[in-house]
Amino acid sequence: MIRRVLIAAAGLLVLLVGGTGLAGPASAHSRLIGSDPANNASLTAGPQRITLTFNEAIQSDYAVLNVVGPDEKHYWQQGDPDVSGDHLSVAVRPLGPTGKYTINWRVTSADGHPVQGQLSFTLTQAGTGTPGPEVSSGKSGSSGVPWWPFAIVAVLVFGGGLAGTVLIGRKRK
Ligand SMILES: [Cu+2]
């Protein structure tokens, strides 16, 4: 009987610790609280700059902010994004065709966790601008988060674990 109570108590403890462990970090992420232009805005002229506002100061490392045109193939932002306190912004080239422009963002929260999302606006009157680099060309350069360091680490960790398992298996034989 005592054993059962102990097991139940241990189970409850695991649930409590696990629960707070999940809720804690998630609630500490930086949140997007506003943007200029506003999400889903209809504009007759392109914005010179896009500015996102977060609920707290964000980290400047690995910030991404780009604008993809209605053809979904070209970038329309100009240069690298700028982080200043709780603001993330980027300059925008003069826009061209009418239609939906998608804003992609990604920042590192104050607590170190990455957060990302998408906004959009619609241009209702065509501009005279010409598009920037192609999305698939990889010319976005420093505005993209490099993925290969993570891949290398993943391969090393996985490979190491696999080698360890094989070695232990051999020893047992
Ligand atoms: Cu977090």
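To be clear, the structure that these remarks concern was listed above.
Bear in mind that the values here come from a model prediction, so they are computed numbers and not experimental data.

The rules behind the values
- Residues numbered from 1 in each chain as written.
- Predicted model: local features only at pLDDT ≥ 70, side-chain atom pairs only at ≥ 80, totals over all residues.
- Heavy atoms only, no water.
- Helix = DSSP H or I, 4+ residues; strand = E, 2+ residues; numbered from the N terminus.
- Buried < 20%, exposed > 50% of the residue type's maximum accessible area, 1.4 Å probe, protein only.
- Contact = heavy atoms within 4.5 Å.
- Areas by Shrake-Rupley, 256 points an atom, 1.4 Å probe, with all protein chains shown as cover.
- Pairing = 2+ DSSP bridges.
- Axes fitted to C-alpha atoms, helices over the stretch in contact; angles between N-to-C directions.
- Donors = N, O, S within 2.8 Å, 3.2 Å for Na, K, Ca; no water.
- Core = buried A, V, L, I, M, F, W, Y, C linked by side-chain atoms within 4.5 Å.

An account of the overall build of the chain is requested, with residue identities and associated values reported.
In terms of helices and strands, the chain carries 2 helices and 8 strands. Traced from its N-terminal end to its C-terminal end, the chain shows the element sequence α-β-β-β-β-β-β-β-β-α. Out of the 173 residues in the chain, the part that is buried amounts to 27%. Within the chain, contacts between residues at least 6 apart in sequence are counted, and of these 64% link residues at least 24 apart. Accessible surface, the chain as shown: approximately 11,200 Å² in total, 61% of it carbon and sulfur.

Give me the lowdown on the sheet that holds strand 4 (residues 59-68), citing residues and values where you can.
Pairing in this open sheet of 4 strands is mixed, and the strands run 2-8-7-4 from one edge to the other. Taken across any chain shown, the strands that pair with only one partner, and hence form the sheet edges, are strand 2 (41-43) and strand 4. Ignoring strand direction, the axes of neighbouring strands in this sheet form an average angle of 25°. Bridge analysis of strand 2 against strand 8 (residues 114-123) gives 3 bridges, and the strand direction is parallel. Bridged to Ala 41 within strand 8 is Phe 121.

Give a description of the pairing of strand 3 (residues 49-54) that names residues and reports values.
Pairing of strand 1 (residues 32-36) with strand 3, which is carried by 4 bridges, proceeds in the antiparallel orientation. Note on strand 3: the bridge partner recorded for Gly 34 is Thr 53. Examined bridge by bridge, strand 3 and strand 6 (residues 87-92) share 5 bridges and lie antiparallel to one another. When the sheet's bridge partners are listed, Ile 50 is paired in strand 6 with Val 90.

Lay out the sheet that holds strand 5 (residues 77-84) with the relevant residues and their values.
Strand order in the open sheet made by the 4 strands is 1-3-6-5, with antiparallel pairing throughout. One side of each edge strand has no neighbouring strand; the edge strands of this open sheet are strand 1 and strand 5. Recorded for the sheet is a direction-independent mean angle of 15° between the axes of neighbouring strands.

Tell me about the environment of Asp 61, and name the residues and values.
Mapped onto the secondary structure, Asp 61 falls in strand 4. A relative accessible area of 45% places Asp 61 in the partly exposed class.

Pulling in residues and values, what's your account of the coordination of the copper ion?
Protein-derived coordination of the copper ion comes from His 29 (NE2), Asp 111 (OD) and His 113 (ND1), at a distance range of 1.9 to 2.6 Å. Mapped onto the sequence, the residues coordinating the copper ion show the spacing H-x81-D-x1-H. Taken together, the residues His 29 in the loop between helix 1 (2-28) and strand 1 and Asp 111 in the loop between strand 7 (99-108) and strand 8 connect sequence positions 82 residues apart. When its relative accessible area of 31% is taken as the criterion, Asp 111 is described as partly exposed.

So, the nonpolar core: which residues are in play, and what are the values?
Counting 23 residues, the largest nonpolar core has Ile 50, Leu 52, Leu 65, Leu 88, Trp 105 and Phe 121 as its most contacted members. Taken together, the elements giving at least two residues each to this core come down to strand 2, strand 3, strand 4, strand 6, strand 7 and strand 8. The residues touching Leu 65, leaving out its near neighbours within four places in the chain, are Ile 50, Leu 52, Gln 77, Pro 81, Leu 88, Ser 89, Val 90, Ile 103, Asn 104 and Trp 105.

Distances and angles like these do not, on their own, reveal function.
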